[in-house]
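Now for the letters of each chain:
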Amino acid sequence: MAVYADMKVDCGPDFVTLMWTESRPQADTSRLRLGNCFPTSFSAGEAYFYVDLTDCNFRRLVTGDALVYSNDLTYVASADSYNLAFTHPVVCAYDRPKDWYATIYDPVFKTYSLGDLQFNIGLMNDDFSGPAESTRFPLGSIIPIMASVVQETHQPLLLLLEECVAATTPELYPESTMYPIISNKGCLLESVSSRSKFEPRQKSSEIRLSLQTFTFAMGEEVFIHCTLLAWDPNGLDSTKKACHFVEGHGWELLDNLAQSNLCDCCESKCKSRRQRSVASEKHGMVHKAVIGPFTITDLNS
């Protein structure tokens, strides 16, 4: 804990309260964020949060007999501030209820609602015209995946796949073996060494991925865990993008080849400029989604 402040966390049954007491006279407590949530109230020396565990991008992990919710308290420093940005972890651990079981997943298509947005993600047939007819994919074949967001009363949004990993569990556990597919804020890693690619968009609120099967958990049930981001179409930067690797050309931006320099960081670490920090999340919404289970089969099986 930093010597200039004190943080008190109370983990309720389905909510969290957090009080941050600040001793630096120059610090602006209104610039504190818990995940993507603003303070419930604040004063010159304190910030108070009262939030549900289902809000603010809390992450849930199931580990043994415990349910663990984690998040980050972040200070978003202004450009003219002498106070540096910082992040502190916030963790609440609970006994796993005896009648609690992981969600039973529809392997083909799923719908998630978030505010006035509705996210959809699923396995598709070869031409993306309908749901997949099988959840078994031979090694080397293409898995068509489509995600979309329905925006009834929202400004037009661009849908991006920020991160995707494959795992053998429907929830990500600390001990889960994971296989990265999309990482580094929208870089399709699998496109470097395979035929995987983003397909041309049919509409901004939809994104299509042709994913070549890979040698991970062959013959086992596989789930793909993705972070979907619905974003301002005019707000693309190195952390809000869809990039894939094209042989002979290098990394290309799906939505505007002329701006493919936004993909240059795919070989290193993609970072946002300070002014596009947590506060800019008001321009979009993030949602976690899971596809599966499906199975990758050996050609000889």
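Up top is the structure these notes are about.
Residues numbered from 1 in each chain as written. Predicted model: local features only at pLDDT ≥ 70, side-chain atom pairs only at ≥ 80, totals over all residues. Heavy atoms only, no water.

A. Broad picture of the overall build of the protein chain. When you go through the protein chain residue by residue, the secondary structure sums to zero helices and 21 strands. Within the span of the protein chain, comprising 301 residues, buried residues form 50% of the whole. Taking all contacts inside the protein chain whose residues are at least 6 apart in sequence as the whole, residues at least 24 apart take part in 63%. Total accessible area on the protein chain stands at roughly 15,300 Å², and carbon and sulfur atoms take up 51% of it. (Helix = DSSP H or I, 4+ residues; strand = E, 2+ residues; numbered from the N terminus. Buried < 20%, exposed > 50% of the residue type's maximum accessible area, 1.4 Å probe, protein only. Contact = heavy atoms within 4.5 Å. Areas by Shrake-Rupley, 256 points an atom, 1.4 Å probe, with all protein chains shown as cover.)

B. Quick peek at the state of the cysteines. Counted by the stated rule, this structure contains six disulfides. Disulfide pairing places Cys11 opposite Cys92 at an S-S distance of 1.9 Å. Of note, the bridge from Cys11 to Cys92 carries an S-S torsion of about -80 degrees and is left-handed in sense. Of the two residues, Cys11 sits in strand 1 (residues 5–11) while Cys92 sits in strand 8 (residues 86–95), which places them 81 residues apart along the sequence. Judged by relative accessible area, Cys11 falls into the partly exposed class, the value being 32%. Its relative accessible area of 1% is what places Cys92 among the buried residues. Shown here is the disulfide that connects Cys243 with Cys263, its sulfur atoms set 2.0 Å apart. Between Cys243 and Cys263 the sulfur-sulfur dihedral comes to about -80 degrees; the bridge is accordingly left-handed. You can see Cys243 sitting in strand 19 (residues 243–246) and its partner Cys263 sitting in the loop between strand 20 (250–253) and strand 21 (285–297), a full 20 residues away along the chain. By the burial criterion, Cys243 is buried, and Cys263 matches it. In the protein chain, numbering the disulfide-bonded cysteines from first to last in sequence yields the connectivity 1-4, 2-3, 5-7, 6-11, 8-9, 10-12. (Disulfide = S-S within 2.5 Å.)

C. Representation of the packing of aromatic side chains in the model. Scanning the model with the defined rule gives seven aromatic pairs in all. Summarising the aromatic geometry, the rings of Tyr69 and Tyr94 are spaced 6.0 Å apart at their centres and angled 80 degrees between planes, so their arrangement reads as edge-to-face. Taken as a pair, Tyr69 in strand 7 (residues 66–75) and Tyr94 in strand 8 lie far apart in primary sequence, 25 residues in all. Accessibility classification places Tyr69 together with Tyr94 in one group, the buried group. Three or more aromatic residues joined by ring pairs form one cluster here, namely Tyr179, Phe214 and Phe216. Positioned over the ring face of Trp231 is Lys240, at 4.7 Å from the centre of the ring. (Phe/Tyr/Trp six-rings, centres within 6.5 Å; stacked < 30°, edge-to-face > 60°. Lys NZ or Arg CZ within 6 Å of the ring centre and 35° of its normal.)

D. Representation of the pairing of strand 13 (residues 158–167) in the model. With eight of 10 residues buried, strand 13 lies mostly within the body of the structure. Here nine bridges tie strand 13 to strand 18 (residues 221–231), and the two strands are oriented antiparallel to one another. Across the sheet, Leu161 pairs through a bridge with Leu228, a residue of strand 18. In this sheet, strand 14 (residues 178–183) lies alongside strand 13 in antiparallel orientation, the contact comprising four bridges. The residue of strand 14 that forms the bridge with Cys164 is Ile182. (Pairing = 2+ DSSP bridges.)

That's the geometry; what it means functionally is another story.
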